[in-house]
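Survey of secondary and tertiary structure
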Amino acid sequence: MEELQKTDPQIADLIQKEAQRQASCLRMIPSENYASKAVMTATGSVLTNKYSEGYPHQRYYQGQEFIDQIEDLALKRAKELFQAEHANVQPYSGSPANMAVYLASLKPGGRVMGMDLAAGGHLTHGAKVSFSGKFYEVRQYGLSRETGLIDYDLARNLAKEFKPGLIFAGCSSYPRTVDFAAFGEIAREAGAVLCADISHISGLCLTGCHPHPFPHADVVTSTTHKLLRGPRGGMVLCRQELAAKIDKAVFPGLQGGPHNHVTAAIAVALKEASLPAYAEYCRQVVKNAAALARELMARGFSLVTGGTDNHLALIDASTMKLTGKVLAQAMDQAGIVANANKVPFDPRPADDPSGVRLGTPALTSRGMQEPEMVKIAEFIHQVAQAPQDQANLRKVRDRVAELCAAFPAPGIEI
Ligand SMILES: Cc1ncc(COP(=O)(O)O)c(C=O)c1O
């Protein structure tokens, strides 16, 4: 940070404050994590200086002898880890990875089916406010009112009737297992390409903690941050027969030069994710989420679907006569950072919904286990008892600080 201090002390100071914040609060937004020092070193490297339009060994610029080796390594590791025939690690993030799948599989105005944003889908799966809802004809499936689980019958009937060219399976706030095999059947019956977006659960899929999307999906997309603990980026994995279309869609269809510093950091994260310690980490993420859910319910919280199978849980705060926003803001003041979120069939608006979404990836990266989840459930309960009482929130904040001090945040030096 010395150089940055000299050049731009304002930004250096803000980065240090953010590092302090990340170290001293309980980060429970399920899409966030701690990247390792090694990943951050690659992200902050000289590779940011290089232009490399094209793909390894087929570039439009000279001087690629090392960049090609870096991207080759990232691709080899991605294919091995995700058991994929083909990989593309150039998408700038998860949304551009999904855009590439649209471009590769549909004509403008083509038909796509995805999970409703309000039910836990992602913006890029057909939401009206996103490019996907503006440039394509969309039908959305959702959840069963009785169970809160994905309504596969509804999805099947919709696909039969609508005949989409592309179906997205995958979610941003769904606490249960996604049945990729069922989606595979639905897509085959409709003659659609199936894209499994595993951005949230990538690590669980590759370590056996969640069923794998291959061979059911034709294409798999993922962010490289979140559970994978890499830099902010995206990837597309697919069958060989779709490879040329996907590559053309990413470059030159959507993007120019790849972010080589990010490609290198993705390669590092994939190496880390291939180690036994990462599988152990993912198993603990799931165990921690289950423990947290159990302890919250034991203290009277109502959770959507009555628990979790993966890394996240959704509190329905309405049963405690609170809104999601009030609870999330009070938790934040107490040092527990999560996000307000819609619950299934939520009568409240998206900017002031009924739920709070919580996840365990970042806590688990700090080494926290089941006993710590008991404490955290207790903290959240104490916050919910008196969310406007500043003295109450300060008491919880002190206990949060103690817990954080006992579990240093990886990759952060204060
Ligand atoms: C399921 C899913 N897909 C795609 C994305 C988009 O990723 P990004 O924010 O990197 O564009 C997200 C991000 O939260 C996500 O949850």
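For the structure, check the block above.
All residue numbers refer to positions counted from 1 along the written sequence of the respective chain. Under the rules for a predicted model, residues below a pLDDT of 70 receive no local features and side-chain atom pairs below 80 are neither given nor counted, while totals for whole chains, interfaces and linings still include all residues. As a rule here, side-chain values cover all heavy atoms of the structure and leave hydrogens and water aside.

We now examine the environment of leucine 158. Only DSSP runs of H or I reaching four residues or more are called helices, and only runs of E reaching two or more are called strands; each is numbered from the N terminus. Here leucine 158 shows up in helix α7 (residues 152-162). Burial classes follow relative accessibility: with a 1.4 Å probe on protein chains only, a residue under 20% of its type's maximum area counts as buried, one over 50% as exposed, and anything between as partly exposed. Since its relative accessible area comes to 14%, leucine 158 is described here as buried. The spatial distance from the C-alpha of leucine 158 to the C-alpha of tyrosine 141 is 7.6 Å, given a sequence separation of 17 residues. Residues count as neighbours in contact if any of their non-hydrogen atoms are within 4.5 Å of one another. Filtering out sequence-adjacent residues up to four positions away, leucine 158 remains in contact with Met113, Arg139, Gln140, Tyr141 and Lys163.

Attention now moves to the site of the ligand. For this description, a residue counts as near a given molecule or strand if any of its non-hydrogen atoms is within 4 Å of it. Inspection of the region around the ligand gives 13 residues, with Ser93, Ser95, Ser172, Asp197 and Lys226 positioned closest. Note that an oxygen atom of the ligand is positioned 2.4 Å from one of the side-chain N or O atoms of serine 93. Between the ligand and the protein, one listed contact pairs an oxygen atom with a side-chain N or O atom of histidine 225 at 3.3 Å. In isolation the ligand has 390 Å² of accessible area, and contact with the protein removes 84% of it. The greatest single-element share of the shell around the ligand, amounting to three residues, is contributed by helix α5 (residues 94-105). Counted by class, the shell around the ligand contains one nonpolar, ten polar and two charged residues. Polar contact is the term for a pair of N or O atoms within 3.5 Å; when the atoms are in protein, one must be able to donate a hydrogen and the other to accept it, and sequence-neighboring residues count only if both atoms are side-chain atoms. Residue exposure ignores everything except the shown protein chains as possible cover, and the areas themselves are Shrake-Rupley values with a 1.4 Å probe. Residues are grouped as follows: Ala, Val, Leu, Ile, Met, Phe, Trp, Tyr, Cys and Pro are nonpolar; Asp, Glu, Lys and Arg are charged; every other residue, Gly included, is polar.

Throughout, an axis means a line fitted to C-alpha atoms (over the contacting stretch in the case of helices), and angles, computed between N-to-C directions, take values from 0 to 180 degrees. At their nearest, the axes of helix α12 (residues 276-298) and helix α15 (residues 370-385) sit 8 Å apart, and the two run at 40° to each other. The angle between α12 and α15 falls in the class oblique. Of the two elements, α12 crosses α15, and the hand of that crossing is right-handed. Here Gln284, Lys287, Asn288, Ala291, Leu292, Glu295 and Leu296 of α12 come into contact with α15, specifically with Glu370, Met373, Val374, Ile376, Ala377 and Ile380. Class assignment of the residues belonging to the contact of α12 with α15 gives a composition of eight nonpolar, two polar and three charged. Between 65 and 115 degrees an angle is taken as roughly perpendicular, under 35 as roughly parallel, over 145 as roughly antiparallel, and anywhere else as oblique. By convention, the crossing between two helices is left-handed when the near helix turns anticlockwise from the far helix through less than a right angle, and right-handed when the turn is clockwise.

For strand β14 (residues 355-359), the buried fraction is high: five of the five residues fall into the buried class. A two-sided burial pattern is seen for β14, the buried positions comprising Gly355, Arg357 and Gly359 on one face and Val356 and Leu358 on the other. The pairing criterion for strands is at least two bridges between them, as found by DSSP. Inspection of the sheet shows strand β11 (residues 312-316) paired to β14 by five bridges, in the antiparallel sense. Along β14, the bridge assignment pairs leucine 314 with arginine 357. Bridge count for strand β13 (residues 339-341) against β14 is three bridges, and the pairing is antiparallel. When the sheet's bridge partners are listed, asparagine 341 is paired in β14 with glycine 355.

Glancing now at the side chain of asparagine 88. Looking at the element boundaries, asparagine 88 is found in strand β4 (residues 86-88). Exposure remark for asparagine 88: the relative accessible area of 1% places this residue in the buried category. Among the polar contacts listed, one links the side chain of asparagine 88 to the side chain of tyrosine 55, at a separation of 2.9 Å. At a separation of 2.9 Å, a polar atom in the side chain of asparagine 88 contacts the main-chain amide nitrogen of glutamine 90. Filtering out sequence-adjacent residues up to four positions away, asparagine 88 remains in contact with Tyr55, Leu75, Gly234, Met235, Val236, Ile246, Asp247 and Val250.

This part is about the sheet that holds strand β9 (residues 219-223). In space, the seven strands of this open sheet follow the order β4-β10-β9-β8-β7-β5-β6, with mixed pairing throughout. Each edge of the sheet is formed by a strand with only one pairing partner; in this case those strands are β4 and β6 (137-141). Looking at each pair of strands side by side, their axes are set apart by 20° on average, direction ignored. Summarising the sheet, strand β7 (residues 166-169) and strand β8 (residues 193-197) pair through four bridges and their orientation is parallel. Residue pairing in the sheet places phenylalanine 168 in a bridge with cysteine 195 of β8.

Under the pairing criterion, centres of Phe, Tyr and Trp rings, with the six-membered ring standing for Trp, must be within 6.5 Å; the plane angle then separates stacked pairs below 30 degrees from edge-to-face pairs above 60, leaving the rest tilted. Per the counting criterion, the structure on display carries nine aromatic pairs. Centroid distance tyrosine 55 to phenylalanine 251: 6.4 Å. Interplanar angle 75°. Geometry classified as edge-to-face. Separated by 196 residues along the polypeptide, tyrosine 55 in strand β2 (residues 54-55) and phenylalanine 251 in helix α10 (residues 240-254) bring together distant segments of the chain. Comparing tyrosine 55 with phenylalanine 251, the two get one shared label, buried. Their ring planes at 55° and their centres at 5.9 Å tell us that tyrosine 60 and phenylalanine 251 sit as a pair that is tilted. Taken together, the residues tyrosine 60 in the loop between β3 (58-59) and α4 (65-82) and phenylalanine 251 in helix α10 connect sequence positions 191 residues apart. Members of the aromatic cluster, connected to one another through ring pairs, are Tyr102, Phe131, Tyr136 and Phe168. The side chain of arginine 27 reaches across the aromatic face of tyrosine 34, ending 4.5 Å from its centre. The lysine or arginine in question, arginine 145, covers the ring of phenylalanine 345, its NZ or CZ lying 4.1 Å from the ring centre. We call a charge positioned over a ring when the NZ of a Lys or the CZ of an Arg lies within 6 Å of the ring centre and within 35 degrees of the ring normal.

Shape descriptors only; they carry no functional weight alone.
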